[in-house]
Amino acid sequence: MTLNANLISGRTAQQGANLEAKTSRAYFDACAYCELNSKDLEQLDVAEGDCLKVKTEFGEIVVFAKANNGNPQGLAFIPMGPWANAVLSPETHGCGMPGLKGVPAKIKRTKEKPLDMKSLMRSYREA
Amino acid sequence: MPVIKNAVCSLCGCLCDDITVTVDEENKITKIENACILGHSKFQGMFEHERIETPMIRKAGKLVSVSYEEALETAAKILVNSKRTLSYGWCSTSCEAISKAIQLAEETGSLIDSTANVCHGPSALAAQEKGSPGATLGEIKNRADLIIFWGCNPVHAHPRHLSRYSSFSKGFFVPRGRKERKMLVIDVRKTDTAKLADKYVEIEQGADLLLITALRSIINGHEEVIPEKVAGVSKEELLELAKLMKEAKFLCVFFGMGVTQSRSKYKNGDGVASLISDLNQHTKAVMIGMRGHYNVTGFGQVATWETGFPMAIDFAKGYPYYNPGETGANDVLVREEVDAAIIAAADPGAHFPQKALRQLAKIPLIQIDPYANPTTELADVVFPTAVVGIEAEGSAYRMDAISIRMKKLIETKFKTDEEIAKDLIEKVRELKRG
Amino acid sequence: MSEILIKNASVCDPFQGIDCEKMDLCIRNGKIVESVSSKAKVIDAKGRLTLAGGFDGHTHSAGKINVGRFMNPNDARRNPVPGLSGKVARTEKTRAQVGYNTPNTYAIGYRYAKLGYTTICEAAMPPLSARHTHEEFKEIPILDKMGLTLLGSNWQVMEYIRDKEPEKLAAYVAWALKASRGYGIKIVNPGGGEAWGWGRNVSGLYDPVPNFEVTPAEILIELGKANEKLNLPHSVHVHCNNLGHPGNYETTLETMKLFEKIKPSQERQSLHVTHVQFNAYAGTSWRDFETGAPMVSDYINQAKHLTFDMGQLIFGPAVTMTADGPVEYANSRMLHEKWSNQDVELEDASGVVPLSYSPKSFVNAVQWAIGLELALLVKDPWKVMFTTDSPNGGSFVNYPEVVTYLMSAKKREEVYSGFSELALGKMVLPEIDRELSFSELAVMTRAIQSKMYGRPEKGKLTIGADADIAIYELVPEKIDPSVEHEKVKQAFSATAYTFKDGKLVVKEGNIEASPMGKTYWVNADVPERVDSAMQKDLELKFKKYYTVSKSNYMVEDEYLPNPVEITTKGDF
């Protein structure tokens, strides 16, 4: 089952508290997840801690699943960081700002595990 | 053990200057008072995070330690041999360093841009369309009885904002603080900030501009044109919102990435500024952008007085040229137009979309940063640097454009961003002469 | 030990009563001296007009101007005054330059120096944002600088006036000057800045400030007294209430009359009224709006206690920037222009709005005429300071153009002959045929400032004065400024030589060097007992109402690379 969601990224306190510790496990835990309303998680047959594959026009990424019932259904949130940016839009619409909030995404359950930060960055070097 | 009062926290745009820091005989910070979770990570974390210890150059795919002179020479050569360099970041550092960075960009004919490119750049564009009707944070603390958080989540991004400057603060005309203030949150999801609000308005994603336009129509006396539902909000609720705003004695809209990054981008900020101007026909209203990095505002200020423009400045012709959409950091990376990059006091590796990173990975990249981060993974020359606000002093500008001097709290062996930028200028001049 | 001998200079020095006389000037170590040795570098002025460096006593060039730059990127490429505006690539000796009304800092320094100016005074800085002004000062090359500290809507000031505490008021003023490294007291729309905190304004001198129980008149008088009590070098510097409103000339006269009784502590005015053009309007609305300059000049002609500056308009785009918040909001709504605002907690308001002045608008035409009427109807040039309130009336790079308006009736006629009948009926300028001499011009652009600001080493070419000298490419006895006004304009647009502290900074209109200028600030001494009483009140303000701590508020030494501390002792 694939969920069609609208993906946004943003700050969290834990992400911010690790701004200067991005090689740490704490940063990985703070950023490599996707939050969905629990009804959406149910539909995907996913529990918190399982993994999701998030795919957009621009790329795909594997992240952990988290529940947040503050999210309306159909709204996916990944904290700002390398995992979110793997799939967000580089298009600046002639004004300089890329599309970091509001990218259509297809989300489904996966058995794959999220890449750690260095592996993710390595994939750019090897591209 | 020296106890330093009124130290300035160098993490977010709140630039809190009431931090008390205790330093032990080993030149370590052992106690911090008044800081939030972000501030704690800044002050205490510096003894725990992965610090870049020495200059490094990537040789055969791996970063190896080199002398400062070798790193300097290599970096300067990259700058001199490049046809079009992107200088990016310079926001988690002092104004003095930013000034040198701009001079370096001018002398090398580079492009220089700040983190506003992925943050409040659209707010600059909005101000360039409609102006920026603002005030200093103390005006909000002392007067505001209606505080609106639009597309921002201060509980997470600016944790002390509510208690120091806004909803929970107590001021001269608002001595009972929260009890005398109304807090309204407008967002696409119920954030932790929304949970504290008197009123939470959930809008459809990407529909901010529709909501702004509807509110303006009502405030300007044209409610008859409003349909039954706008942006997912009922007309009844819209009328209530407009009334709430008009009847306030002093309202402030704090706005963030929900306004700058979502669909319509800078037109949202343009709309908010127009709304504020319309509201001033009825009451007192101001708006303030929630700036992320502690000195992104400072970059904007220094760049504006030195070059005429706040960001996305291209020195290719020897004079400053500005055209976000063409000269923004993400613009030039996505168009694969730059052949070298110098990144300081910011982390595009973590915060730029994939297409821009593919380009950064391809070109020689010089990094200046105290800490190893995703950009380090792409870097070819790396300079460690002192942590500004702890190991180095200098000016920073708070989100409301007030300048405060950050203190030096402990000794360090590391050079400062300012010194490295100066050394690069000298080295570049030397290479050009030779 | 650098020595320079300027030979054959046609010197105009109103202080010494020298009016275009051929003489030599000797410079050693940055000062004008009696004589120099044979080793001196010789410069032949060839009979060209030689004046002390110009002193712009009221310009918005550091601080608030940054809002103007930021919101008007379109200004950066404007080039209506070639050689003094637009974008210029960096050179070996100069940083890149942009702009017209809101140039970048380097352009400001270079362009003023090209015009023969060597000192500027930033018109307004709220103490909380003074550090910003000093940061910009650091990047303005060549010029000596000072800034005026805004105090006319300040909470501590108003409370001391309400509570009748003149000693603590003076102590606070001294502290605010020290904290901001300011040179003098600036008052803008007294009390109105606080009213604007609620979106309101004050309507005149006796309209009380909401919540503070003081009137603008009281603010003016008490700050005037504090100014003299502290023996400050400059008088209070006042932007009157009701700026921009038809009929406001009455408020201006009332304000001026208030100061008749204030005795200055120095040999100078007790009041300086700024950009009076914007405050010399008669009529009751824009429909019957007309010049109020004759009434204002009549009063000034018989007054002995004041000076004023013009605030001359320049046609074309301008950027208004002022602490008069309400005026700017009103401008933006009336003219459908973008609007920036920055109210500063406990201190003052401000606004920035870009606009354009057109000779086809009868209002702008009359405004243009008023500035000149004031300068020409006031008989004594020692009361008149030359300004455009840059960039409110227009950019300072248009000063050469304004010179031609003052020196040539023909030039003025060329301009107003294009005005509508409606406009011509509302001004008196066509009736005026007075043309200023070089000597009178020198008074208005450099000599008066020396007296007004209490800077004896500026504005004159006497022995001991700073060797700030401008040599212009015209020979006074060979030119008739009334007829050859284009030549005059050209000559004033780029000096043959500008010297700053005896160093050559401009030659044939090109920047030769950009040394760092000095920053003047005033440290007024106040008795310990009064100061500590005041500090207690102040500490409460910081504890409860400010959002910056007191220890981080004061401008640090690091921001003044070349400070000149002027000390005074208060009379307590």
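What you see is a predicted model; the values in this text were computed from it and never measured.

Definitions and limits used
Residues numbered from 1 in each chain as written. Chains lettered and ligands numbered in written order. Predicted model: local features only at pLDDT ≥ 70, side-chain atom pairs only at ≥ 80, totals over all residues. Heavy atoms only, no water. Helix = DSSP H or I, 4+ residues; strand = E, 2+ residues; numbered from the N terminus. Buried < 20%, exposed > 50% of the residue type's maximum accessible area, 1.4 Å probe, protein only. Areas by Shrake-Rupley, 256 points an atom, 1.4 Å probe, with all protein chains shown as cover. Phe/Tyr/Trp six-rings, centres within 6.5 Å; stacked < 30°, edge-to-face > 60°. Contact = heavy atoms within 4.5 Å. Buried area = accessible area lost by both parts, 1.4 Å probe. Salt bridge = Lys/Arg side-chain N within 4 Å of Asp/Glu carboxyl O. Polar contact = N/O pair within 3.5 Å; in protein donor to acceptor, adjacent residues only side chain to side chain. Axes fitted to C-alpha atoms, helices over the stretch in contact; angles between N-to-C directions. Left-handed = near helix turned anticlockwise from the far one by under 90°. Patch = residues over 30% accessible without salt bridge, like charges linked within 9 Å, V, L, I, M, F, W, Y side chains within 5 Å. pLDDT = per-residue confidence, 0-100.

## What to know about the overall build of chain C
If you tally the helices and strands in chain C, you get 17 helices and 24 strands. Seen through its C-alpha atoms, chain C measures out along the principal axes to roughly 65 × 60 × 45 Å. In chain C, buried positions account for 69% of the 572 residues. When the accessible surface of chain C is totalled, it reaches about 18,200 Å², and 50% of it is carbon and sulfur.

## Let's talk about the packing of aromatic side chains
Counted by the stated rule, this structure contains 42 aromatic pairs over all chains. Arranged with centres 6.2 Å apart and planes meeting at 15°, the rings of Phe-172 of chain B and Phe-212 of chain C form a pair that is stacked. Taken together, the positions of Phe-172 of chain B in the loop between helix 7 (161-164) and strand 10 (182-187) and Phe-212 of chain C in the loop between helix 6 (192-196) and helix 7 (216-229) put the pair across two chains. Take Phe-172 of chain B: its relative accessible area is 28%, and that puts it in the partly exposed class. Using a relative accessible area of 1% as the deciding quantity, one classes Phe-212 of chain C as buried. Members of the aromatic cluster, joined through ring pairs, are Phe-172, Phe-173 and Phe-250 of chain B together with Trp-155, Trp-198, Phe-212 and Tyr-545 of chain C.

## Describing unusual backbone geometry
With an omega of -5°, the peptide bond running from Ser-390 of chain C to Pro-391 of chain C counts as cis. Note that Pro-391 of chain C resides in the loop between strand 18 (384-385) and helix 12 (399-407). A positive phi angle, close to 85°, is found at Asn-34 of chain B, a residue other than glycine. Here Asn-34 of chain B shows up in the loop between strand 3 (29-33) and helix 1 (37-43).

## Structural notes on the interface of chain A and chain B
At the junction of the two partners, chain A supplies 50 residues and chain B supplies 53 residues. Note on chain A versus chain B: buried area summed over both sides is about 4,300 Å², and carbon and sulfur give 59% of it. On the chain A side of the contact with chain B, Arg-11, Glu-20 and Met-97 of chain A bury the most area, a combined 18% of that side's loss. There are three salt bridges connecting chain A and chain B. Listed by contribution, the elements that provide at least two residues to the side of chain A that touches chain B are strand 1 (3-10), helix 1 (13-17), strand 5 (75-79), helix 4 (82-85) and helix 5 (117-126) of chain A.

## Focus on the side chain of Ser-9 of chain A
All names here are of chain A. Inspection of the secondary structure assignment puts Ser-9 in strand 1. Ser-9 sits in the buried class, given a relative accessible area of 4%. Polar contacts involving the side chain of Ser-9 include one to the main-chain carbonyl oxygen of Leu-100, which spans 2.7 Å.

## Regarding the packing of helix 2 (residues 68-81) of chain B against helix 17 (residues 417-433) of chain B
All names here are of chain B. Contact pair helix 2 / helix 17: the axes reach a minimum separation of 9 Å and the direction vectors enclose 60°. Crossing handedness for the pair helix 2 and helix 17: right-handed. Each of Tyr-68, Leu-72, Glu-73, Ala-75, Ala-76, Lys-77, Leu-79 and Val-80 in helix 2 lies in contact with helix 17, whose residues at this interface are Glu-419, Ile-420, Asp-423, Leu-424, Lys-427, Val-428, Leu-431 and Lys-432.

## With respect to a nonpolar patch on the surface
A cluster of nonpolar side chains, namely Trp-286, Met-334 and Leu-335 of chain C, defines an oily patch on the protein surface of about 270 Å² accessible area. Relative to the assigned elements, Leu-335 of chain C resides in helix 10 (residues 325-335).

## A short note on the confidence of the model for chain C
When pLDDT is averaged along chain C, the result is 98, and 100% of the positions lie at 70 or above. We note a pTM of 0.98 for the whole complex and an ipTM of 0.97 for its interfaces.

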